[in-house]
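Next come the chains, spelled out residue by residue.
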Amino acid sequence: MTRLALCGGIYSNPYALRAFVADARRRGADRLICLGDLGAYGAEPEAVRPLLDEHGIECLAGNYEVAIGSRQADCLCGYTDDTDNAFGQIAYDYTFAHTSEAFAAWMATLPTERRFDVDGVAVHLVHGSPLALNDFWWESLDDGAHRLRADASGADVVCCTHSGLPWTRRITRSDGGETLAVNVGVLGRPANDGGRHVWYALLDVVDGAVSAELVPLDYDWRAQAASIRAAGLPEAFAEVVETGWWTSCLEILPPAERSRGRFQLYRSVLAQLAGTEPGPAERPVVPLFGSVLFPARLWIYTNFDCNLACGYCSVASSPRAERRRLGLERFTALVDEAVDAGVAEVYVTGGEPFLEPDLIDMLLYASERLEVVCLTNGMLYRGRRRQELERLAGRPGLTLQTSLDGTEAAHDAQRGRGSWTRALEGVDVARALGLPVRVGMTETTANEGQGDALRTLLADHGVAPEQVAVRPLVARGNSGAGIAVDQEGTVPELTAAADGWFWHPAGADRATSPDMLVGGPELPLTEARRRTVERFLTLRQRDGSLPTIYQCAV
């Protein structure tokens, strides 16, 4: 057996390089090879060369070596985003200024690729990919993109780095042969997975067969972070080392890879949306979930049957609709997942939730753990339900959001004669029990401009004007008119129903809004959220735009 240990992206991190040498030797590696980018985010480029020489580490040139060796003005990294480039320039300028003439001259002698045979196996070593020195060969590329790179190599195995994220894949080439592609990862910083360890690869050739193992590597990350800070480099560089999450050079990540990390957007994007400037002490990146572009709330549809048949219901609820009840066990499991996932508030809706026999138990369970809002038409607070409602009396963290669509005539025209009076009675019942009440009004051509009159009326019933929201009609479900709410142009709000996970509560019905489906009910909340984030980033990358905000929540 021949065993090769391959690393990439040392990034001026002598602490990880020493650990790589020790670990690879302990595992019986015959040769140690670095695929380039000796400098970048770290502070000690000159500490790397002696270790390479002392341990006989073979090296390729990455974009950093080509840039420094030929005295380029930037790192040739291949970034396209302005903020990515700004961070990249800081790293390059520091490395360039702290790299000796002798080291730079040595870099200029390195090859940008190597080919050799090991026991009959053709091995091809590159930095970015066989297509280009700074090509980002991501795991999430489609089959055609992988095949294009394998075809350009033609070798039995091709090893690369540059992107910073390790992966392996067997690819069938156009000539029918097979290429084992290995991104060996980097030693200089973690792989945006929340771990402080870094990665390298072991390549084994036995009797003409080749296999690869990705190896997590522990090292003295505290020393590396301290070195970065002492040099005055950006705090974001040290924070990556300490946390395992990328806080710089983020936009280059494709949607699939970025959705798995903790952060998805530069703070400047949100500041631009709000018309503000990020503070100098603030972390430069933010998670998408929990921002105005993806609120940290969870919508739960307890059921889809309803005592009303509104002509504009966005999920086609009615007395004749299939119940599709979630059930208490599934509901409580969702609440537990929401707590663990950092959800700030839960919105419980339907159909009419008060047709769900276990609703009070659901609301009690949820409101013990999170802020809860229950959307209702407010008409069913009578008899047994009125007695059950008393169990929620004075419940902290629970709000009832009642639908009232303007004046009595306008409301009853949509929801049936007498429904306005009963809904207003429901507001009074909830208020008498010490439950906060919000009101949502759906504006149509029949009640246009009635929002202020409704606020004035409700003020006499103890509902503050700011607790009354007027929402536009949505062209979903039963409604053929209204604004478009879809994945293309609307901020997501994670929504769970019996049929699965949906992009937004306005359209969380598989029958009438299949395009809003994110995944089946078997998905855990975290995966449904990740898929939503990935979809958001994919759509944003398509044209660079940000979606509009349509909130069902008050």
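Please read these numbers as outputs of a predicted model, since none were measured by experiment.

## Describing the overall build of the protein chain
A tally of helices and strands in the protein chain yields 17 helices and 21 strands. Each principal axis of the C-alpha atoms in the protein chain carries an extent, and together these give about 85 × 50 × 40 Å. In the protein chain, buried positions account for 56% of the 554 residues. Restricting to contacts in the protein chain with at least 6 residues of sequence separation, those with at least 24 account for 68%. Charge separation in the protein chain, taken as the distance between the mean sites of 52 positive and 74 negative side-chain charges, equals 4 Å.

## Concerning the nonpolar core
Note that soluble globular proteins tend to have their nonpolar side chains buried in a common cluster. With 86 residues, the main nonpolar core has L298, F354, L389, L404 and W501 as its most contacted residues. Not counting the four nearest positions on each side in its chain, L404 is found in contact with H411, W420, A423, L424, V427, V439, G440, M441, L454 and L458. The next biggest cluster of nonpolar side chains, apart from the first, holds 68 residues, and it includes A29, L51, F237 and Y266.

## Some thoughts on the state of the cysteines
All told, the structure shown has one disulfide when counted by the stated rule. The disulfide partner of C75 is C77, and the gap between their sulfur atoms is 2.2 Å. Torsion about the S-S bond of the C75 and C77 cystine: about -135°, corresponding to left-handed handedness. Exposure class is identical for C75 and C77. Each is buried. Free cysteine: C59, not disulfide-bonded; nearest cysteine sulfur from C34 at 4.9 Å. Residue C160 stays outside any disulfide, its sulfur separated by 7.6 Å from that of C159, the closest cysteine.

## Here we look at the packing of aromatic side chains
What the rule picks out here adds up to 15 aromatic pairs. Geometrically, the ring pair formed by W137 and W167 is edge-to-face, given 5.7 Å between the ring centres and 70° between the ring planes. In this pair, W137 is assigned in the loop between β5 (121–126) and α6 (143–153) and W167 in strand β7 (residues 167–172), connecting sequence segments 30 residues apart. Residue classification places W137 among the buried positions, given a relative accessible area of 0%. Feature note: the residues Y11, Y41, F87, F237 and Y266 constitute an aromatic cluster, connected by ring pairs. When the ring centre of W246 is taken as origin, the NZ or CZ atom of R189, which lies over that ring, is 3.9 Å away. Above the plane of the ring of F304 lies R324, whose end atom (NZ or CZ) is 3.9 Å from the centre.

## A word on a nonpolar patch on the surface
Together, L273, V292 and I549 give the surface a local cluster of nonpolar side chains, amounting to about 250 Å² of exposed area. Tracing the sequence through the fold places I549 in the segment after α17 (525–543). Under the relative-accessibility criterion, I549 is labelled partly exposed at 44%.

## With respect to the sheet that holds strand β6 (residues 157–160)
Neighbouring strands of a sheet are bound in pairs by backbone hydrogen bonds; such pairs are parallel or else antiparallel. Reading across from one edge, β4-β5-β6-β8-β7 is the order of the five strands in this open sheet, with mixed pairing throughout. Two strands lie at the open edges of the sheet, namely β4 (113–118) and β7, each paired on one side alone. Direction aside, the axes of adjacent strands within the sheet are offset by 20° on average. Alignment of β4 against β5, held across six bridges, turns out to be antiparallel. Its bridge partner being in β5, F116 is matched across the sheet by V123. Each of β4, β5, β6, β7 and β8 (178–183) is contacted by α6, which is oriented at about 80° to β7, the strand it contacts most.

## A word on the environment of E46
Within the fold, E46 resides in the loop between β2 (31–34) and α2 (48–54). Assessed through its relative accessible area of 34%, E46 is described here as partly exposed. Separated by 359 residues in the primary sequence, E46 and D405 place their C-alpha atoms 71 Å from one another. Not counting residues up to four positions away in its chain, the partners in contact with E46 are H98, T99, S100 and F103.

## Some words on the environment of G56
Here G56 shows up in the loop between α2 and β3 (58–59). Taking the C-alpha atoms as reference, G56 lies 8.3 Å from R31; in sequence the two are 25 residues apart.

Cut-offs used in this document
- Residues numbered from 1 in each chain as written.
- Predicted model: local features only at pLDDT ≥ 70, side-chain atom pairs only at ≥ 80, totals over all residues.
- Heavy atoms only, no water.
- Helix = DSSP H or I, 4+ residues; strand = E, 2+ residues; numbered from the N terminus.
- Buried < 20%, exposed > 50% of the residue type's maximum accessible area, 1.4 Å probe, protein only.
- Contact = heavy atoms within 4.5 Å.
- Lys, Arg positive; Asp, Glu negative; His and termini not counted.
- Charge placed at Lys NZ, Arg CZ, Asp CG, Glu CD.
- Core = buried A, V, L, I, M, F, W, Y, C linked by side-chain atoms within 4.5 Å.
- Disulfide = S-S within 2.5 Å.
- Phe/Tyr/Trp six-rings, centres within 6.5 Å; stacked < 30°, edge-to-face > 60°.
- Lys NZ or Arg CZ within 6 Å of the ring centre and 35° of its normal.
- Patch = residues over 30% accessible without salt bridge, like charges linked within 9 Å, V, L, I, M, F, W, Y side chains within 5 Å.
- Areas by Shrake-Rupley, 256 points an atom, 1.4 Å probe, with all protein chains shown as cover.
- Salt bridge = Lys/Arg side-chain N within 4 Å of Asp/Glu carboxyl O.
- Pairing = 2+ DSSP bridges.
- Axes fitted to C-alpha atoms, helices over the stretch in contact; angles between N-to-C directions.

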